Amino acid sequence: KLSLADRKVQLNGAVFYYDYRDKQTLGSVILSPNIFGPLNLLVNIPKSKVTGFELQAVVRPVAGLTLNGGVTYVDSKIGDFTNFDPFGAVKNFKDEAFPNTPKWQWTVSADYDFAVSSGLNAFVGANLNGRSAANAALGQNAILRVDGYTLLDLRAGIGSADDRWKVSVWGRNVTDKYYWTNAYKIADVSARFAGMPATYGVTFSVKY
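Residues numbered from 1 in each chain as written. Predicted model: local features only at pLDDT ≥ 70, side-chain atom pairs only at ≥ 80, totals over all residues. Heavy atoms only, no water.

Caption draft 1: Structural context of the overall build of the chain. Secondary structure summary: the chain contains 0 helices and 15 strands in total. Its C-alpha atoms give the chain a radius of gyration of 23 Å, more than 25% over the compact-globule value 17 Å for 208 residues. Oriented by its inertia axes, the alpha-carbon framework of the chain measures out at about 75 × 35 × 30 Å. Relative to its full complement of 208 residues, the chain shows a buried share of 30%. When contacts within the chain are restricted to residue pairs at least 6 apart in sequence, long-range pairs at least 24 apart make up 58% of them. Accessible surface, the chain: about 12,500 Å² in total, of which carbon and sulfur atoms supply 59%. Charge separation in the chain, taken as the distance between the mean sites of 22 positive and 17 negative side-chain charges, equals 2 Å. (Helix = DSSP H or I, 4+ residues; strand = E, 2+ residues; numbered from the N terminus. Rg over C-alpha atoms; globule rule 2.2 N^0.38 Å. Buried < 20%, exposed > 50% of the residue type's maximum accessible area, 1.4 Å probe, protein only. Contact = heavy atoms within 4.5 Å. Areas by Shrake-Rupley, 256 points an atom, 1.4 Å probe, with all protein chains shown as cover. Lys, Arg positive; Asp, Glu negative; His and termini not counted. Charge placed at Lys NZ, Arg CZ, Asp CG, Glu CD.)

Take a look at the structure:
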């Protein structure tokens, strides 16, 4: 943690390393007799590791304006491990990443608060958040790949100067980006979970 420019800039960071033994993750099994095909099962990976870092910067260049940015890097790696993939093939998953573990995740936001009158404050804001691609299961099968995406959210509102009440209008995923949050394969069914489309709303809050 580091404060600069008379606390107008705040930097936070971390570096991490994990060395796992018998880490559990979602794998597959084929039962005997083989009636249903590959089924999901928690499996133990003998050896695996994760290295990465997190970095955040909060900047307040002028009164009322806050800029916030953050990035996370995660390099997960499986050791020597042989098992079934979701389609029933026997594979060695050495050097693969953990399922549903993107290498990069990021967020950037900007918020501006300002006085409208002696008793009212207004605010506007926006944020971008996203992630890189990842695979939802062991085996790196293309059908279970979850592509990377970036989403844009917007917000604006007005409230009392003492923060007793607030009304805000907001939009999430305002570009109506089509994206997936997960994918799976079980028995003879493969599916992907779509994220929320463009969504808009109004929120009214009161503090007692």
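After presenting the structure, the write-up continues.
Caption draft 2: Highlighting unusual backbone geometry. Going from Ser-32 to Pro-33, the amide bond is cis rather than trans, its omega being 0°. Despite not being glycine, Gln-140 shows a phi value in the positive range, around 55°. With respect to the secondary-structure elements, Gln-140 resides in the loop between strand 9 (134–135) and strand 10 (145–146). Under the relative-accessibility criterion, Gln-140 is labelled partly exposed at 45%.

Caption draft 3: Here's a closer look at the nonpolar core. Counting 10 residues, the largest nonpolar core is built from Phe-16, Val-43, Ile-45, Val-50, Val-74, Ile-78, Phe-81, Phe-93, Phe-98 and Leu-138. Those elements that provide at least two residues to this core are strand 3 (39–59) and strand 4 (65–78). The element that contributes the greatest number of residues to this core is strand 3, accounting for 3 residues. Sequence-distant contacts of Ile-78, that is, excluding residues within four places in its chain, are made with Ile-45, Lys-47, Ser-48, Phe-93, Lys-94, Asp-95, Glu-96, Ala-97, Phe-98 and Leu-138. (Core = buried A, V, L, I, M, F, W, Y, C linked by side-chain atoms within 4.5 Å.)

Caption draft 4: Representation of the side chain of Asn-173. With respect to the secondary-structure elements, Asn-173 resides in the loop between strand 12 (165–172) and strand 13 (180–186). The buried category is assigned to Asn-173, whose relative accessible area is 3%. A distance of 2.9 Å separates a polar atom in the side chain of Asn-173 from the backbone nitrogen of Lys-177. Non-local contacts of Asn-173, meaning those with residues more than four positions away in its chain, are made with Leu-151, Leu-152, Asp-153, Tyr-179, Met-196, Pro-197 and Ala-198. (Polar contact = N/O pair within 3.5 Å; in protein donor to acceptor, adjacent residues only side chain to side chain.)

Caption draft 5: Molecular detail of the pattern of salt bridges. Scanning the entire structure with this criterion turns up 6 salt bridges. In this structure, Asp-19 engages Arg-21 in a salt bridge whose closest nitrogen and oxygen atoms are separated by 2.8 Å. Given a relative accessible area of 46%, Asp-19 falls into the partly exposed group. Of the charged contacts in the structure, one is a salt bridge between Asp-147 and Arg-145, with a shortest N-O distance of 2.9 Å. (Salt bridge = Lys/Arg side-chain N within 4 Å of Asp/Glu carboxyl O.)

Caption draft 6: The arrangement of the environment of Tyr-73 in detail. Relative to the elements of secondary structure, Tyr-73 occurs in strand 4. A C-alpha to C-alpha distance of 8.2 Å links Tyr-73 and Thr-51, two positions 22 residues apart in sequence. In this structure Tyr-73 touches Phe-16, Thr-51, Gly-52, Phe-53, Lys-103 and Trp-104, once residues within four positions along its chain are discounted.

Caption draft 7: Here's a closer look at the pairing of strand 12. Across 6 bridges, strand 11 (residues 149–160) lies against strand 12 in antiparallel orientation. Pairing of Ala-156 across the sheet is with Val-169, part of strand 12. Hairpin remark: strand 11 followed by strand 12, antiparallel, with 4 residues in the connecting loop; positive phi at Asp-163, about 65°. (Pairing = 2+ DSSP bridges.)

Caption draft 8: Structural context of the packing of aromatic side chains. Tallied over the full model, the rule gives 11 aromatic pairs. Relative to Phe-93, the ring of Phe-81 has its centre 6.0 Å away and its plane inclined at 45°; by these criteria the two rings are tilted. Taken as a pair, Phe-81 in the loop between strand 4 and strand 5 (82–84) and Phe-93 in the loop between strand 6 (90–92) and strand 7 (104–115) lie far apart in primary sequence, 12 residues in all. Residue classification places Phe-81 among the buried residues on the basis of a relative accessible area of 8%. Members of the aromatic cluster, each reached through a chain of ring pairs, are Phe-16, Tyr-18, Tyr-20 and Phe-98. Over the aromatic face of Phe-98 sits the side chain of Lys-23, whose NZ or CZ is 5.2 Å from the ring centroid. Above the ring of Phe-123, the side-chain terminus of Lys-166 is found at 5.4 Å from the ring centroid. (Phe/Tyr/Trp six-rings, centres within 6.5 Å; stacked < 30°, edge-to-face > 60°. Lys NZ or Arg CZ within 6 Å of the ring centre and 35° of its normal.)

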